[in-house]
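One-letter residues, chain by chain:
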Amino acid sequence: MTDAAIAIRDLQKTYKGGKQALQGVTLDVPRGQIFGLLGPNGAGKSTMINILAGLVNKTGGSAEIWGFDIDKHPRNAKASIGIVPQEIVFDPFFTPSETLEIQAGLYGVPKAQRQTAELLRAVHLEDKANAYSRTLSGGMKRRLLVAKAMVHSPPILVLDEPTAGVDIELRQQLWDYVRELNRSGVTIVLTTHYLEEAEELCDRIAIINHGRLIANETTRTLVGMAQEKAVEVTVDRDVAALPDASCFEKIELKGERTLAITYRKDKVNAGEVLAALQRDGLGIVDVSTREADLEDVFLNLTRAANTAAAAI
Ligand code: ADP
Ligand code: MG
């Protein structure tokens, strides 16, 4: 037993046919956080979520949800989590209102405690309460799924690729709702392959690749792990030929007097980069830097993991 919201130990899944989707993942999701599970397509994210949801049987390891082992206390485990699946499945003949009422019934929520109207309002579907599900857009259906996952007021909400098919404005509304739930104490887990999304929302990010955990850090630490740094330098004259120096990973001309340079923070510092330009006769007029984002971290880590795997 841990006090983590979700505790996963050596979790394994080999599908019929031999695909090893999870190869022994150990992971704690701390209570109260927004936790990102990041990885490319096929990494094993949905497999992990579906094991927690009771939709896929694991072939090894264990998992606890809110302290309840999914094998020993499946009912309590299930009551502690709400899951928004990646695939949208609905009975097209029920209305959003009916969909939520039926789901609440399945979870044994007494009529007096149901929050159908509030939930529909929270996901901006109040004016669709009595429309057939089949008439809803993809984004509306996904928001209805979020409401459906919350009917039993679980302490944990898991969203598997929640923004697929959701336009930008509605995505923002969805995030506002997720943040609001988190502020009210709900632990959030979301899977995504959109790195900016994870970076913007999550307190902590785990990365899986080929069914293995390759990182599990606070967002801040993870971002700091990216070693490539990009700067744009404006110089005082037109650049005739690109300066050549070993301290640049990459250098290209962005405008007549603007150079885009990438360097490795672990090898050189900004001063050395600028000095190399000055040696070439260029005066520095302006410098702008961009903090490495998760895209860089992700590429570096998955590249490192792939290289390590290839070396075995
Ligand atoms: P992700 O959600 O990270 O994209 P998945 O968990 O869906 O990854 O898939 C992980 C791997 O398991 C992939 O190689 C996928 O093809 C495979 N897989 C997923 N579901 C099944 C299944 N029902 N039967 C066989 N293989 C599967
Ligand atoms: Mg998936």
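Thresholds, definitions, all that
- Residues numbered from 1 in each chain as written.
- Chains lettered and ligands numbered in written order.
- Predicted model: local features only at pLDDT ≥ 70, side-chain atom pairs only at ≥ 80, totals over all residues.
- Heavy atoms only, no water.
- Helix = DSSP H or I, 4+ residues; strand = E, 2+ residues; numbered from the N terminus.
- Areas by Shrake-Rupley, 256 points an atom, 1.4 Å probe, with all protein chains shown as cover.
- Lys, Arg positive; Asp, Glu negative; His and termini not counted.
- Charge placed at Lys NZ, Arg CZ, Asp CG, Glu CD.
- Donors = N, O, S within 2.8 Å, 3.2 Å for Na, K, Ca; no water.
- Buried < 20%, exposed > 50% of the residue type's maximum accessible area, 1.4 Å probe, protein only.
- Pairing = 2+ DSSP bridges.
- Axes fitted to C-alpha atoms, helices over the stretch in contact; angles between N-to-C directions.
- Contact = heavy atoms within 4.5 Å.
- Salt bridge = Lys/Arg side-chain N within 4 Å of Asp/Glu carboxyl O.
- Near = heavy atom within 4 Å.
- Polar contact = N/O pair within 3.5 Å; in protein donor to acceptor, adjacent residues only side chain to side chain.
- Nonpolar A, V, L, I, M, F, W, Y, C, P; charged D, E, K, R; others polar.

Draft legend 1. Here's a closer look at the overall build of the protein. For the protein, the count of helices and strands is ten helices and 14 strands. The principal-axis extents of the C-alpha atoms in the protein amount to approximately 75 × 50 × 35 Å. Accessible surface, the protein: about 15,600 Å² in total, of which carbon and sulfur atoms supply 49%. The averaged location of the 41 negative side-chain charges in the protein is 7 Å from the averaged location of its 36 positive side-chain charges.

Draft legend 2. Spatial organisation of the coordination of the magnesium ion (ligand 2). Those donors, Ser-46 (OG) and Gln-86 (OE1), are the protein atoms that reach the magnesium ion (ligand 2), and they lie 2.1 Å from it. Of this pair, Ser-46 sits in helix H1 (residues 45–52) while Gln-86 sits in the loop between strand E6 (81–84) and helix H3 (96–106), and the two are 40 residues apart along the sequence. Exposure remark for Gln-86: the relative accessible area of 30% places this residue in the partly exposed category.

Draft legend 3. Up close: the sheet that holds strand E9 (residues 204–209). As summarised here, the arrangement of the six strands in space is E6-E7-E8-E3-E9-E10, forming an open sheet in which the pairing is mixed. In this open sheet, the two strands that pair with only one neighbour each are E6 and strand E10 (212–218). Between one strand and the next, the sheet's axes are offset by a mean angle of 15°, whatever the strand orientation. The sheet strands contacting H1 are strand E3 (34–38), E6, strand E7 (156–160), strand E8 (187–192) and E9, and the helix crosses E3 at an angle near 130°. Relative to the sheet, helix H6 (residues 168–183) contacts E3, E7 and E8, its axis offset from that of E8 by approximately 145°.

Draft legend 4. Molecular detail of the pattern of salt bridges. This model, assessed by the stated rule, comprises eleven salt bridges. Taking the shortest distance from any N to any O, the salt bridge between Arg-257 and Asp-238 comes out at 2.8 Å. With a gap of 19 residues between them, Arg-257 in the loop between strand E12 (250–255) and strand E13 (258–264) and Asp-238 in the loop between strand E11 (228–235) and E12 connect regions that are remote in the sequence. The partly exposed category is assigned to Arg-257, whose relative accessible area is 39%. On the basis of relative accessible area, Asp-238 is assigned to the partly exposed category, the value being 44%. One continuous salt-bridge network, built from bridges that share partners, spans Asp-176, Arg-179 and Glu-200.

Draft legend 5. Looking closely at the pairing of E10. For E9 and E10, the ladder comprises six bridges, and the chain directions are antiparallel. Looking at E10, one finds that Ala-206 is bridged to Asn-216. Adjacent in sequence and paired antiparallel, E9 and E10 are bridged by two residues, among which His-210 carries a positive phi angle near 50°.

Draft legend 6. Structural context of the site of ligand 1. Taken together, Tyr-15, Lys-19, Ala-21, Pro-40, Asn-41, Gly-42, Ala-43, Gly-44, Lys-45, Ser-46 and Thr-47 make up the full set of residues adjacent to ligand 1. Between a nitrogen atom of ligand 1 and a side-chain N or O atom of Tyr-15, the distance comes to 3.4 Å. In this structure, Lys-45 approaches ligand 1 through a main-chain N or O atom, which is 2.9 Å from an oxygen atom. Bound to the protein, ligand 1 loses 63% of the 560 Å² it would expose on its own. Of all the elements, H1 adds the most residues to the shell around ligand 1, at three residues. Taken together, the residues of the shell around ligand 1 sort by class into four nonpolar, five polar and two charged.

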